[in-house]
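# Results of the structural survey
Here is what each chain is made of, one letter per residue.
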Amino acid sequence: MARDLRFTRNIGIAAHIDAGKTTTTERILYYAGVNHKIGEVHEGAATMDWMEQEQERGITITSAATTVHWKYRNNDYHINIIDTPGHVDFTVEVNRSLRVLDGLVFLFSSVDGVEPQSETNWRLADNYKVARIGFVNKMDRAGADFLDVCKQVREKLGSKAVALQLPIGAEDNFKGVVDLVNNRGIIWNEHDKGMTYEVVPIPEEMKADVAEYREKLLEAVADYDETLMEKFFDDPNSISEKEILTALRKATIDMKIVPMVCGSSFKNKGVQTMLDYVMELLPSPMDKDNIIGTDPDTDAEVTIRPDEKEPFAALAFKIATDPFVGRLCFIRAYSGVLESGSYIYNTRSENKERISRVFQMHANKQNQIERLSAGDIGAVVGFKDIKTGDTLCDEKRKVVLESMIFPEPVIGYAIEPKKQADADKLGMAIGKLVEEDPTLRVNTDQETGQTILRGMGELHLEIIIDRLRREFKVEINQGAPQVAYKEALTKSVEHKEVYKKQTGGRGKFADIVFELSPRGPEENGIVKDGLEFVNDIVGGVIPREFIPAIQKGFESAMVNGPLAGYPIDSMKVRLFHGSYHDVDSDALSFELAARIGFKEAAKKAAPQLLEPIMSVEVMSPDEYTGSVTGDLNRRRGSLKGMDTRAGAQIIKADVPLAELFGYVTDLRTITSGRASASLTFSHYAPVPKNLADKVIEDVKGAAVAK
């Protein structure tokens with residue numbers, strides 16, 4: 001029997017680190033009857049944090065998926081939940097989860113409000129157009145302020161946050177909420193862990209506030225839905241609960257309103273109400289626009305509807321290795337049905353894959369199911385070659401869904417196995433990890449022969465190295481952290497390159513004249529990455545069939561910049577003259593001419609070394625502000641501003657990554673462990689000349705030493 005898709009929800013739980021995402025998910029599992037005992041993060045027993053590293057550190061590293069059922073208004077809802085990590089080093093997990101979700105519960109800590117990682121994840125959710133509800137957690141904590149967090153969501157995130165509830169009591173006395181939609185108070189019962197609640201009259205001292213905020217809610221709804229506008233002006237109280245919810249739902253799905261609710265997951269308060277609102281306000285797969293894909297053969301648009309009768313189409317958004325079933329691939333089905341044991345077509349590899357089994361996931365346990373249908377999220381096993389971002393579809397209707405874009409790594413370590421005998425094992429282990437995590441890159445330094453492992457930050461690589469040791473039993477030595485520098489051209493130069501070789505038989509000949517320059521910005525002011533190649537050859541002085549080889553030569557040359565062999569992100573080449581030889585010219589000659597020509601010309605194009613700049617936000621008690629800013633200045637930091645939040649100073653600065661190794665440890669020392677910092681990649685900027693010379697010298701020195 002086909003399930004009614006209106007009662008399916010694919011939701012994620014996202015937030016800044018430590019806002020209580022995993023605790024909230026654990027409560028959902030408990031209330032939905034999946035777990036009979038609540039797993040606590042601080043005891044290292046959370047169901048969703050099943051990796052050993054997650055339990056030890058109390059943080060979420062991989063996004064876990066789980067499926068639960070929830071009864072709401074006599075309907076049985078089927079919910080797929082993805083608990084995403086909050087730590088900036090694991091942004092990839094949030095990124096790929098948002099790509100396949102329809103709705104999001106965005107958690108905020110009632111004390112800390114909008115934190116740096118909340119902003120990053122919020123922007124990602126905007127990018128993928130994911131509707132969301134705000135859940136202000138930790139209402140039982142000292143300094144909890146629900147309305148202040150709503151204000152921050154409006155001001156810092158630029159979203160129309162509308163409170164649907166007001167808390168009854170705060171901090172230790174937080175015991176319930178007044179629901180502004182139906183104008184009644186509810187108090188959760190302590191004895192059954194908040195499973196049930198009692199409806200209570202609105203406390204006298206809250207009546208004025210309730211009237212004010214209910215009016216604001218009605219105004220926001222009427223502002224969105226014109227049919228309610230007249231009713232609002234005549235008599236706001238004539239708007240029924242159903243009308244409010246219908247309009248709120250539309251506005252939420254349209255991303256014009258972010259409904260805000262509150263609770264304390266740890267104290268078992270407010271999670272069920274929040275879940276009810278997820279069913280009521282967040283979109284089902286039917287509420288989302290049809291997905292538009294492209295036909296790989298003709299580039300024509302293909303519309304994919306969430307319907308079981310359509311041909312199958314799904315997106316692979318995560319690969320994981322499971323000790324019992326081997327490689328698992330998480331997929332979101334957009335249309336059609338996938339039966340276990342059937343074949344699907346992978347448009348990237350252009351191969352058919354047999355899917356031996358299909359699972360519904362529950363953290364790291366699987367329940368086998370016979371079929372996965374449109375709108376659902378599940379995991380498949382038995383495939384040979386599927387990567388993150390691949391489109392899996394029915395061979396009768398080939399389609400490519402928009403893939404995901406992942407950030408470039410900014411930091412690297414040189415690694416080698418402690419025992420030479422482990423070299424093959426290390427190669428296989430890294431292969432598996434790179435397949436799981438698209439932000440992890442591995443390359444071999446041509447000049448020094450070292451293997452370089454690159455990632456999003458020190459914590460990211462630390463956990464990868466820890467996993468190599470535990471899961472794959474490979475002990476490794478690691479070098480000092482290395483910064484992922486880049487190079488850029490700043491001047492435009494013209495250059496003529498003639499490549500000729502005379503051997504016994506046929507020779508090699510190519511002659512090109514080109515202009516090499518930095519790439520200009522697009523209409524929107526953004527400079528695109530990659531090579532902009534302009535072919536201005538007229539009169540056939542170079543035959544057309546050699547042009548792609550010249551372009552390829554320049555593209556492959558960008559990997560090694562002229563200063564120290566770091567990659568060049570973007571440049572422009574205008575090819576405008578040259579000549580060829582009837583017998584001796586071939587595609588390879590022209591490709592080599594382009595490579596050699598680039599090397600020579602790039603040296604004259606005033607190349608510059610660029611370094612990654614991190615956006616640093618430090619939260620520190622007042623008395624240490626001077627020491628913290630002094631230390632940031634010493635690290636070549638440029639201060640961007642200061643703020644006060646919850647009685648502490650927030651110091652914001654842009655600091656080069658090269659100066660930040662071990663920063664968190666140093667910060668603890670300066671502030672006696674009372675300050676915390678979050679680092680996010682911001683942009684690339686030129687390295688000051690004296691430092692650039694030293695970096696280039698070190699690179700060249702290392703190559704010579706080898």
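You'll find the structure just up there.
Residues numbered from 1 in each chain as written. Predicted model: local features only at pLDDT ≥ 70, side-chain atom pairs only at ≥ 80, totals over all residues. Heavy atoms only, no water.

### Points about the overall build of the chain
Here is the rule: Secondary structure is summarised from DSSP: a helix means a run of H or I of at least four residues, a strand means a run of E of at least two, and numbering begins at the N terminus for each. Contact criterion: two residues are considered in contact whenever any of their non-hydrogen atoms come within 4.5 Å of each other. Computed with a 1.4 Å probe, the accessible areas rest on the Shrake-Rupley method; for each residue, only the protein chains presented here act as cover.
Along the backbone of the chain there are 16 helices and 37 strands. Intrachain contacts of the chain at a sequence separation of at least 6 include 72% that bridge at least 24 residues. Of the roughly 31,500 Å² that the chain leaves accessible, carbon and sulfur atoms contribute 49%.

### Notes on the nonpolar core
A general trend in soluble globular proteins is that nonpolar side chains are found buried together. The test is simple: Remark: nonpolar core denotes a set of buried residues (Ala, Val, Leu, Ile, Met, Phe, Trp, Tyr, Cys) joined through side-chain atoms within 4.5 Å. Using a 1.4 Å probe on the protein chains alone, a residue whose accessible area is under 20% of its type maximum counts as buried, one over 50% counts as exposed, and one in between counts as partly exposed.
Counting 56 residues, the largest nonpolar core has Ile79 and Leu248 as its most contacted members. What Leu248 contacts, discounting residues up to four positions off in sequence, is Leu164, Val181, Leu217, Val221, Ile257 and Leu281. Membership of the second largest hydrophobic core comes to 42 residues, among which are Ala429, Leu461, Val616 and Val628.

### Looking at the side chain of Glu310
The test is simple: Definition of a polar contact: a pair of N or O atoms within 3.5 Å, with one able to donate and the other able to accept a hydrogen when the atoms are protein atoms, and with sequence-neighbouring residues admitted only if both atoms are side-chain atoms.
Along the polypeptide, Glu310 turns up in the loop between strand S13 (301-304) and strand S14 (313-322). Looking at Glu310, its side chain comes within polar contact range of the side chain of Arg397, at 3.0 Å. Contact partners of Glu310, with chain neighbours within four places excluded, come to Thr303, Arg305, Ser335, Gly336 and Arg397.

### Side note on the packing of helix H6 (residues 207-224) against helix H7 (residues 226-234)
Put simply, the test is: Here, axes are lines fitted to C-alpha atoms. For helices the fit covers the stretch in contact, and angles between N-to-C directions go from 0 to 180 degrees. Angles below 35 degrees are treated as roughly parallel, those above 145 as roughly antiparallel, those between 65 and 115 as roughly perpendicular, and all remaining angles as oblique.
It is at 6 Å that the axes of H6 and H7 come closest, and there the two elements cross at 140°. Relative to H7, the element H6 is oriented oblique. Judged by residue contacts, Glu215, Leu218, Glu219, Val221, Ala222, Asp223 and Tyr224 of H6 engage Glu226, Leu228, Met229 and Phe232 from H7.

### Quick look at unusual backbone geometry
The general pattern is negative phi for most residues beyond glycine and trans for most peptide bonds. With a phi close to 60°, Asn268 is a non-glycine residue in the positive phi region. Mapped onto the elements of the fold, Asn268 is located in the loop between strand S11 (258-262) and helix H9 (271-281). Although it is not a glycine, Ala606 adopts a positive phi angle of roughly 45°. As for its position among the elements, Ala606 is in the loop between helix H13 (587-604) and strand S34 (608-620).

### A look at the sheet that holds strand S7 (residues 165-168)
Our working rule: Two strands pair under a simple rule: DSSP has to find at least two bridges between them.
In spatial order, the strands read S7-S8-S9-S10; together these 4 strands make up an open sheet with antiparallel pairing. For this open sheet the edge positions go to S7 and strand S10 (197-200), each flanked by a neighbour on one side alone. On average, adjacent strands in this sheet sit at an angle of 30° to one another, irrespective of strand direction. Taken together, the 4 bridges between strand S8 (residues 176-179) and strand S9 (residues 184-188) define a ladder with antiparallel strand orientation. Considered in S9, the bridge of Gly176 is made with Ile187.

### Here we look at the side chain of Glu353
Under the convention used in this document: When charges are counted, Lys and Arg are positive and Asp and Glu negative, with His and the chain ends excluded. We count a salt bridge whenever a side-chain nitrogen from Lys or Arg sits within 4 Å of a carboxyl oxygen from Asp or Glu.
Residue placement: Glu353 occurs in strand S18 (residues 351-354). No salt bridge is formed by the buried Glu353; the nearest opposite charge belongs to Lys384, separated by 5.8 Å. Within the structure, Glu353 has its side chain in polar contact with the backbone nitrogen of Lys384 (distance 2.6 Å). Here the side chain of Glu353 touches Asp385 through a polar contact of 2.7 Å, landing on its backbone nitrogen. Each residue touching Glu353, except ones within four places of it in the same chain, is listed here: Ser342, Tyr343, Ile344, Phe383, Lys384, Asp385 and Ile386.

### A short note on the sheet that holds strand S31 (residues 508-517)
Across the sheet, which stays open at both edges, the 4 strands sit in the order S30-S31-S33-S32 with mixed pairing between neighbours. Of all the strands in the sheet, just strand S30 (493-501) and strand S32 (530-535) have a single pairing partner and so form its edges. Looking at each pair of strands side by side, their axes are set apart by 30° on average, direction ignored. In the sheet, S31 pairs with strand S33 (residues 570-579) via 7 bridges, with the strands oriented antiparallel. Bridge pairing in S33 links Val513 to His577. Sheet contacts for helix H12 (residues 547-557): S31, S32 and S33; angle to S32, the most-contacted strand, approximately 150°. Packing against the sheet, H13 makes contact with S30, S31 and S33, and its axis sits at approximately 40° to S31.

### Topic: the pattern of salt bridges
This model, assessed by the stated rule, comprises 40 salt bridges. Here Arg348 makes a salt bridge to Asp385, at a shortest N to O gap of 3.0 Å. With Arg348 in the loop between strand S17 (343-346) and S18 and Asp385 in the loop between strand S22 (377-381) and strand S23 (391-393), the pair connects residues that are 37 residues apart, well separated along the chain. Asp385 gets classed as partly exposed once you look at its relative accessible area, which sits at 27%. In this structure, the salt-bridge partner of Asp569 is Lys486, at a minimum N-O distance of 2.9 Å. Placement of the pair is Asp569 in the loop between H12 and S33 and Lys486 in strand S29 (residues 486-488), with a sequence separation of 83 residues. Linked by salt bridges that have partners in common, Arg348, Asp385, Lys387 and Asp390 make up one network.

### Examining the pairing of S32
To keep things clear, this is the line we draw: The crossover handedness rule: strands pointing away from the viewer, path from first strand over the helix to second strand clockwise, crossover right-handed.
The pairing of S32 with S33 spans 6 bridges and is classified as parallel. Paired with Asn535 across the two strands is Leu575, which belongs to S33. Handedness of the S32-H12-S33 crossover: left-handed.

### Some points on the environment of Glu487
Turning to its location among the elements, Glu487 is positioned in strand S29. Spatially, the C-alpha atom of Glu487 lies 7.4 Å from that of Asp569, the residues being 82 residues apart in sequence. A distance of 3.2 Å separates a polar atom in the side chain of Glu487 from the backbone nitrogen of Gly565.

### A short note on the packing of aromatic side chains
Rules: Between 30 and 60 degrees the pair is tilted, below 30 it is stacked and above 60 it is edge-to-face, where a pair is any two Phe, Tyr or Trp rings, Trp via its six-membered ring, whose centres lie within 6.5 Å. By the criterion adopted, a ring carries a charge over it if an Arg CZ or a Lys NZ lies within 6 Å of its centre and within 35 degrees of its normal.
This model, assessed by the stated rule, comprises 12 aromatic pairs. Taken together, a centroid distance of 6.3 Å and an interplanar angle of 50° make the contact between Phe174 and Trp188 tilted. Here the residue Phe174 occupies a position in the loop between S7 and S8, and Trp188 occupies one in strand S9, the gap between them amounting to 14 residues. Neither residue differs from the other here; Phe174 and Trp188 are each classed as buried. Put simply, the rings of Phe7, Tyr72 and Tyr77 touch in pairs and so form one group of aromatic residues. Here the basic side chain of Lys352 rests over the ring of Tyr343, its NZ or CZ set 5.5 Å away from the ring centre.

### Points about the pairing of S9
With 4 of 5 residues buried, S9 lies mostly within the body of the structure. In this structure, the hairpin formed by S8 and S9 is closed by a connection of 4 residues, where Asn183 is found at a positive phi of approximately 55°. Here S9 runs beside S10; their pairing, made up of 4 bridges, is antiparallel. Paired with Ile186 across the bridge in S10 is Val199.

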